[in-house]
Amino acid sequence: MSANAPIAAHPVARWLILIVLAVGVYFFHGFLVPILAALIISFASWPLYKKLVVRCRNKTWLSASIATFLVFLLIIVPLVILVFYTIREVQHGVTWLVSVNRYGAEVPAWIMQLPVVGAYLAEWWDETLNHPHAISELTQLIGLGQLANISKVVITFGGQLFSVLLALLFMLFTLFFVYKDGHSLAQQLDKVGERILPKRWYRVSRVAPTMVSATVTGMTIIAIGEGIVFGFAYWLFGAPSPLTLGIITGVMAMIPGGAPTSMTLVSLYLLGSGHPMAGLGLFAWGAIQLFVVDKTIRPKLVGGPAKLPLLPTLFGLVGGVQTMGIVGLFVGPVVMALLVAIWREWLTEEDDEAPAAAEHPQ
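All values derive from a computational prediction rather than experimental measurement.

Peer 1: Outline the environment of Leu52, supporting the account with residue identities and numerical values.
Peer 2: With respect to the helices, strands and loops of the structure, Leu52 is situated in helix 2 (residues 32-55). In this structure the C-alpha to C-alpha distance between Leu52 and Ala67, which are 15 residues apart in sequence, comes to 8.1 Å. In this view, Leu52 contacts Ser63, Ile66 and Ala67; residues no more than four positions away in its chain are not counted.

Following this line, the structure appears as structure tokens:
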């Protein structure tokens, strides 16, 4: 009886482990995005980090501290500056809305100069916004309530901003320990994974870091390339500050839909400033370039190293962003790559079992 006790205990132990894991996910799911962000940064920078460890004479606490500080300087500080710049612009926008709601706003000259739709938009603006309390009436019409709700939204945004800063701080702490203990953590995961997927864990598990590195590298190349090409296009068609607009477009190119939005806004500016041919030419240039990049170059750069087909790559990019925001831009392709890898392993197993069944018929 005692000899069979350990065998009977195995299913119970496995269920207890699953229950503990489920409880842990339930309580700590709010930290999932910072943890994933830390893993993405560590995967993408791991080759450089290994060189840093050698230079630090294998003192992992020192190399992890330096690497985390560099990530703080290169990623977190620009993000914080961008957030505060956005807050300042939102404050200016709210001030303008309050002024328009109190006194009304005349039709801007550039709207009247728009071809085809300029006269219609100018008439709509004059009837809708060119009188006191126009914004309050408009927000009531579209179901947003009184203008006071806008201030409530701003206050809520401030609270969410604090949560974002707290998540960034937690991500830095996680990143430090991933750098410091990453090698031992990988060994432990490999040991557990070999028990779950014997003989296949190594091939499946290496898909994640490969896809993350490919996505980060691909997005960086695309951002730099589109920033340079669009900067040249802005200069060619006479847009103001082409260098600054090119940098902004390059940064926005990392987000699906970001580059088309930037290019369209610059094209509309050229149209409204009395340069219709330049605006239409820039829009045609951008449409052709973005079609080529998004349909050919982007999927190859992101899914190429893992030999991920085009359709799963697009699903991973778009679905990841819709589900998890900017972090999903990297998590989505990884999930799709893992699904495709498991599918290929399954097919390989079926192909291997077929000849064996033919050689040893029952």
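The discussion continues.
Peer 1: Can you lay out a negative patch on the surface for me, pointing to particular residues and giving the numbers?
Peer 2: On the surface, Glu106, Glu123, Asp126 and Glu127 cluster together into a negatively charged patch. Take Glu123: it is sitting in helix 5 (residues 118-128). Exposure remark for Glu123: the relative accessible area of 48% places this residue in the partly exposed category.

Peer 1: An account of the packing of helix 10 (residues 242-252) against helix 11 (residues 258-272) is needed here, citing residue identities and associated values.
Peer 2: The interhelical angle for the contact between helix 10 and helix 11, taken along N-to-C directions, is 150°, at an axis separation of 7 Å. Here helix 10 lies roughly antiparallel to helix 11, going by the angle between them. The handedness of the crossing between helix 10 and helix 11 comes out as right-handed. Judged by residue contacts, Leu245, Thr249 and Met252 of helix 10 engage Gly258, Ala259, Ser262 and Val266 from helix 11. Tallied by class, residues from the contact of helix 10 with helix 11 come to four nonpolar, three polar and no charged.

Peer 1: Which residues make up the packing of aromatic side chains, and what values go with them?
Peer 2: In this structure the tally under the stated criterion is eight aromatic pairs. Arranged with centres 5.1 Å apart and planes meeting at 45°, the rings of Trp46 and Tyr49 form a pair that is tilted. In this pair, Trp46 and Tyr49 both sit in helix 2, three residues apart, roughly one turn of the helix. By relative accessible area, Tyr49 is classed as buried at 4%. Taking the centre distance of 6.0 Å and the plane angle of 90° together, the rings of Phe237 and Trp285 count as edge-to-face. Of this pair, Phe237 sits in the loop between helix 9 (207-236) and helix 10 while Trp285 sits in helix 12 (residues 276-303), and the two are 48 residues apart along the sequence.

Reading the values: the criteria
Residues numbered from 1 in each chain as written. Predicted model: local features only at pLDDT ≥ 70, side-chain atom pairs only at ≥ 80, totals over all residues. Heavy atoms only, no water. Helix = DSSP H or I, 4+ residues; strand = E, 2+ residues; numbered from the N terminus. Contact = heavy atoms within 4.5 Å. Patch = residues over 30% accessible without salt bridge, like charges linked within 9 Å, V, L, I, M, F, W, Y side chains within 5 Å. Areas by Shrake-Rupley, 256 points an atom, 1.4 Å probe, with all protein chains shown as cover. Salt bridge = Lys/Arg side-chain N within 4 Å of Asp/Glu carboxyl O. Lys, Arg positive; Asp, Glu negative; His and termini not counted. Charge placed at Lys NZ, Arg CZ, Asp CG, Glu CD. Buried < 20%, exposed > 50% of the residue type's maximum accessible area, 1.4 Å probe, protein only. Axes fitted to C-alpha atoms, helices over the stretch in contact; angles between N-to-C directions. Parallel < 35°, antiparallel > 145°, perpendicular 65-115°, else oblique. Left-handed = near helix turned anticlockwise from the far one by under 90°. Nonpolar A, V, L, I, M, F, W, Y, C, P; charged D, E, K, R; others polar. Phe/Tyr/Trp six-rings, centres within 6.5 Å; stacked < 30°, edge-to-face > 60°.

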